[in-house]
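Observations on the model geometry
Residue-level listing of the chains:
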Amino acid sequence: MTVDEIKSLLASQGEEAQALLNKGLQTKLQTLDNCVHLRGLIEYSSCCAKNCLYCGLRCTNASAIRYTMSDQEVFDCAQLAMQLHYGSIAIQSGERSDRAFVDKITFLVREIKRQTDGKLGITLSCGEQTEETYRKWFDAGAHRYLLRIEASNPDLYYKIHPKDHDFDKRVACIESLIKIGYQTGTGCMIGLPFQTLDDLASDLLFFQEKQVAMVGMGPFIPHPDTPLWQYRNAIPSVAERVQLTLKMIALLRIIMPEINMVAATAVQTLDPQGREKAVKAGANVIMPNLSPENYRKEYLIYPDKPSVSDNAINDQQELEKSLQAINHRILYDAWGDSVAFTKQHLKS
Ligand code: SF4
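Residues numbered from 1 in each chain as written. Predicted model: local features only at pLDDT ≥ 70, side-chain atom pairs only at ≥ 80, totals over all residues. Heavy atoms only, no water.

**Points about the pairing of strand 6 (residues 183–186)**
Where burial is concerned, the two faces of strand 6 agree: the one with Gln183 and Gly185 and the one with Thr184 and Thr186 are both buried. When strand 5 (residues 144–146) meets strand 6, the two strands line up parallel, connected through three bridges. Paired with Tyr145 across the bridge in strand 6 is Thr184. By the bridge criterion, two bridges tie strand 6 to strand 8 (residues 214–219) in an arrangement that is parallel. From the neighbouring strand, Thr186 faces strand 8, where its bridge partner is Val215. (Buried < 20%, exposed > 50% of the residue type's maximum accessible area, 1.4 Å probe, protein only. Helix = DSSP H or I, 4+ residues; strand = E, 2+ residues; numbered from the N terminus. Pairing = 2+ DSSP bridges.)

**Quick word on the environment of Thr31**
With respect to the secondary-structure elements, Thr31 resides in helix 2 (residues 14–31). Overall, the relative accessible area of 31% leaves Thr31 in the partly exposed class. Considering only alpha carbons, one finds Thr31 and Met256, 225 residues apart in sequence, at a separation of 10 Å. If near-sequence neighbours (up to four positions away) are discounted, Thr31 is found in contact with Pro257 and Glu258. (Contact = heavy atoms within 4.5 Å.)

**Brief notes about the packing of aromatic side chains**
Inspection of the entire model under this criterion finds twelve aromatic pairs. A centroid spacing of 6.3 Å and a plane angle of 75° characterise the contact between Phe206 and Phe207, whose relative ring orientation is edge-to-face. According to the relative accessible area criterion, Phe207 is buried, its value standing at 0%. Aromatic rings pair up to connect Tyr44, Phe101, Tyr134, Trp137, Phe138, Tyr145 and Tyr182 into one cluster. (Phe/Tyr/Trp six-rings, centres within 6.5 Å; stacked < 30°, edge-to-face > 60°.)

**Notes on the environment of Asn289**
Tracing the backbone through its elements, the reader meets Asn289 in the loop between strand 10 (285–286) and helix 12 (293–296). Put simply, Asn289 and Arg58 are 231 residues apart on the chain and 21 Å apart in space, counted from C-alpha to C-alpha. When residues no more than four places from it in sequence are discounted, the contact partners of Asn289 are Leu41, Glu43, Arg296 and Lys305. Here the side chain of Asn289 touches Glu43 through a polar contact of 3.2 Å, side chain to side chain. (Polar contact = N/O pair within 3.5 Å; in protein donor to acceptor, adjacent residues only side chain to side chain.)

Structural data, given as C-alpha cells:
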C-alpha cells in the first residue's frame, strides 16, 4: 500500500471507515483465528532516567510517585499469571541502564523461568539498552521485547522528546533486538500534537520495513504534568483519536496480517469498549494488569488509566464474557507467539 492509499483510508469516514475496520477483522480471522493472547502486565518500576515530553514518569516530574517492586512481588505476579493460565507475562519499567538495574532484570527473568519450569513466556519492555544488555536478558530467558518508536518521522520524534534523545539510537536498538532473535515489537502514539496523516502512514510503513513481529499502538493521552499538556486543545478529539487508532489497527492488520497486535489499554482509557473495538479491528493481544493494586495508580505514563479491581479472577471472567460477545476467545496456557516471527525463523 502506498502512503497516499493509507492516508486516504485513514481519512475515511462513515461506511468507508466501517468497511476498513471490517476488513481488518476479516483479514485477522482468515490469516490467524479468533483467539486473543494474554500477557500479564507487571509494571515493575516507575523510576525512569529519561524525560520524554509526553510521559508522566519523566524524571523531572516531581509529582510522580516512584516505586520499584520487590523481587517477591514480581514472583507473586508471575505465579498469578501461571494460576490464571495466561502463558505469558510482560515486565515493563521506566528506563534505567545502570548496572544494578540490568543485573536485577537478568535475575528476575532467570528466576521466573526457573520457578515456572520455563513455562511462562517473558516479554520485556525496559527501554533503550546496550546490545550486550539485550543479549544478557535474552540469554536469561526473555524472548520478546517491546520498544516503541513512538513516531517514525524524526522531526516529530524530536518534537516529543528532549534534545538528548537520539532517533537513530532508537532505531538501532530495535535492529539489535531483531538481530539477537527477540520477537521484537514496536509501535507509535496516535493523535500527537504536530502529527499528520503522512506521519501515521509512515509509521505503518516503518513497521513493515523493519518486519517487526508485534506492534502496540495507542491514542495519545495528554498528561497534565508534562510539556505536551500545553497542546491538549490542538490535538484530535477523544472520539477522533479512538477512531484513528482503530483505523491504524485495521490497516496494519491488512498490511502485516500475521503479526501480533496489542489492543492497548490507552484505547480503553478513552473508550470503555475500546479494547473490544480494537480486537474487532484486528488486534489479537490483550495485556491485563497484574501489578499489585497499590502500584497501579503510580505507573502513570498517561492519566486516567481504567480503574481495575484487585480481583484478577473476576477481571478475567469479565474479559472472557466481553470477548465472547464479539465472537472471540482467550487462548490459555500458550505463549501466543507471532505467526510472522515463527514463519520467518522457520525459513532462516
Ligand atoms: S516514555 Fe518510558 S523512557 Fe520516556 S519518560 Fe516515560 S517511562 Fe521513561
